[in-house]
Amino acid sequence: AASRPATSRDVNTLIWRGRWHLNQMTSKDSRIARELFDEALQLEPDNPEVLVQAAWTMGWNIWAQRISPEDMGFWSRLARRAMQADPEDGRAHAVLGAAEMFQRNNAPALRLFRRAIELNPSLPQAHAFLGSGLYLAGRPDEAMASLTTSLRLNPNDPFAFHTLGDLATAHCMTGKWTEAIDL
């Protein structure tokens, strides 16, 4: 994608460029990523990869910027479309679970995270989200196992700061202050 001219607007190039921008973790790049995924959705509105990447980006933008309830509804619908487009893609289940968790629908979120892990046991985001959901449900010991698994599966995740923060919180909830501080 990087070697193609900036004028290349095929879906795959838009996806790769969007992912690159999202991983820069700046407001400007997040906005660009969302624009690229919106463009890809216009080209192929039922493409499962476009849907899951657009939903993932929307979720991170909501998390980082605390976006409106209307955007939350859009995120849920987009994630559900991704899951319907490819019911065997664990990422779609994970991102829909994240949307549910953000809306404080913890039981459905945990079910979706577990389904994502059944579909793809090596999906670090699903393990991280499951850990988040578990500590929010008051189950920090279980959360620590999932969060640790996520970090083991992808120690170079650009979003590892989130997983580490949740792991530190779970340690605090169990009174493991030294471990929390180390994290």
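Anything mentioned here points back to the structure above.
Rules used throughout
- Residues numbered from 1 in each chain as written.
- Predicted model: local features only at pLDDT ≥ 70, side-chain atom pairs only at ≥ 80, totals over all residues.
- Heavy atoms only, no water.
- Helix = DSSP H or I, 4+ residues; strand = E, 2+ residues; numbered from the N terminus.
- Rg over C-alpha atoms; globule rule 2.2 N^0.38 Å.
- Buried < 20%, exposed > 50% of the residue type's maximum accessible area, 1.4 Å probe, protein only.
- Contact = heavy atoms within 4.5 Å.
- Areas by Shrake-Rupley, 256 points an atom, 1.4 Å probe, with all protein chains shown as cover.
- Phe/Tyr/Trp six-rings, centres within 6.5 Å; stacked < 30°, edge-to-face > 60°.
- Lys NZ or Arg CZ within 6 Å of the ring centre and 35° of its normal.
- Axes fitted to C-alpha atoms, helices over the stretch in contact; angles between N-to-C directions.
- Parallel < 35°, antiparallel > 145°, perpendicular 65-115°, else oblique.
- Left-handed = near helix turned anticlockwise from the far one by under 90°.
- Nonpolar A, V, L, I, M, F, W, Y, C, P; charged D, E, K, R; others polar.
- Salt bridge = Lys/Arg side-chain N within 4 Å of Asp/Glu carboxyl O.

*Asks:* Explanation requested: the overall build of the protein in the structure shown.
*Replies:* Counting its regular elements, the protein contains 10 helices and 0 strands. Seen in sequence order, the protein has helices and strands lined up from the N terminus as α-α-α-α-α-α-α-α-α-α. For the protein, the C-alpha radius of gyration of 17 Å lies close to 16 Å, the compact-globule estimate for 183 residues. Taken over the C-alpha atoms alone, the protein extends approximately 55 × 30 × 30 Å along its principal axes. Counting over 183 residues, the protein shows a buried share of 48%. Long-range pairs, those at least 24 residues apart, make up 49% of the contacts in the protein between residues at least 6 apart in sequence. Carbon together with sulfur atoms contributes 53% to the accessible area of the protein, which is approximately 9,300 Å² in total.

*Asks:* Could you clarify how one ought to interpret the packing of aromatic side chains in this entry?
*Replies:* Each pair of aromatic rings is reported with the distance of its centres and the angle of its planes. Applying the stated criterion across every chain yields a total of 7 aromatic pairs. Between Trp 60 and Phe 159 the ring centres are 4.3 Å apart and the planes differ by 20 degrees, which places this aromatic pair in the stacked class. Of this pair, Trp 60 sits in helix H3 (residues 48-65) while Phe 159 is found in the loop between helix H8 (140-153) and helix H9 (160-173), placing the two residues 99 residues apart along the sequence. Overall, Phe 159 belongs to the buried group, its relative accessible area being 8%. Ring geometry for Trp 75 and Phe 102: centres 5.2 Å apart, planes at 85 degrees, overall edge-to-face. Taken as a pair, Trp 75 in helix H4 (residues 69-85) and Phe 102 in helix H5 (residues 90-102) lie far apart in primary sequence, 27 residues in all. The exposure class assigned to Trp 75 is buried, which follows from its relative accessible area of 2%. Grouped by ring-pair contacts, the aromatic residues Trp 56, Trp 60, Phe 113, Phe 129, Phe 159 and Phe 161 constitute a single cluster. Directly above the aromatic system of Trp 16 lies the positively charged group of Arg 19, at a separation of 4.6 Å from the ring centroid.

*Asks:* Please clarify how the packing of helix H2 (residues 27-43) against H3 should be interpreted in this entry.
*Replies:* Close contact between H2 and H3 brings their axes to 9 Å; oriented N to C, the two are set at 150 degrees. Relative to H3, the element H2 lies roughly antiparallel. Handedness of the H2/H3 crossing: left-handed. Every residue of H3 that contacts H2 at Ser 30, Ala 33, Arg 34, Phe 37, Ala 40 and Leu 41 is listed here: Val 50, Leu 51, Gln 53, Ala 54, Thr 57, Met 58, Asn 61 and Gln 65. When its residues are assigned to classes, the contact of H2 with H3 shows 8 nonpolar, 5 polar and 1 charged.

*Asks:* Teacher, can you tell me more about the pattern of salt bridges here?
*Replies:* One pass over the full model with this rule turns up 6 salt bridges. Residue Arg 91 is joined to Glu 49 by a salt bridge in which the shortest nitrogen-to-oxygen separation is 2.5 Å. In this pair, Arg 91 sits in helix H5 while Glu 49 sits in helix H3, placing the two residues 42 residues apart along the sequence. Judged by its relative accessible area of 26%, Arg 91 is partly exposed. Its relative accessible area of 25% is what places Glu 49 among the partly exposed residues. Note that Glu 100 and Arg 80 form a salt bridge whose closest N and O atoms lie 3.5 Å from each other. Taken as a pair, Glu 100 in helix H5 and Arg 80 in helix H4 lie far apart in primary sequence, 20 residues in all. With a relative accessible area of 35%, Arg 80 lands in the partly exposed category. Several salt bridges share partner residues, and in doing so they unite Glu 49, Asp 89 and Arg 91 into one network.

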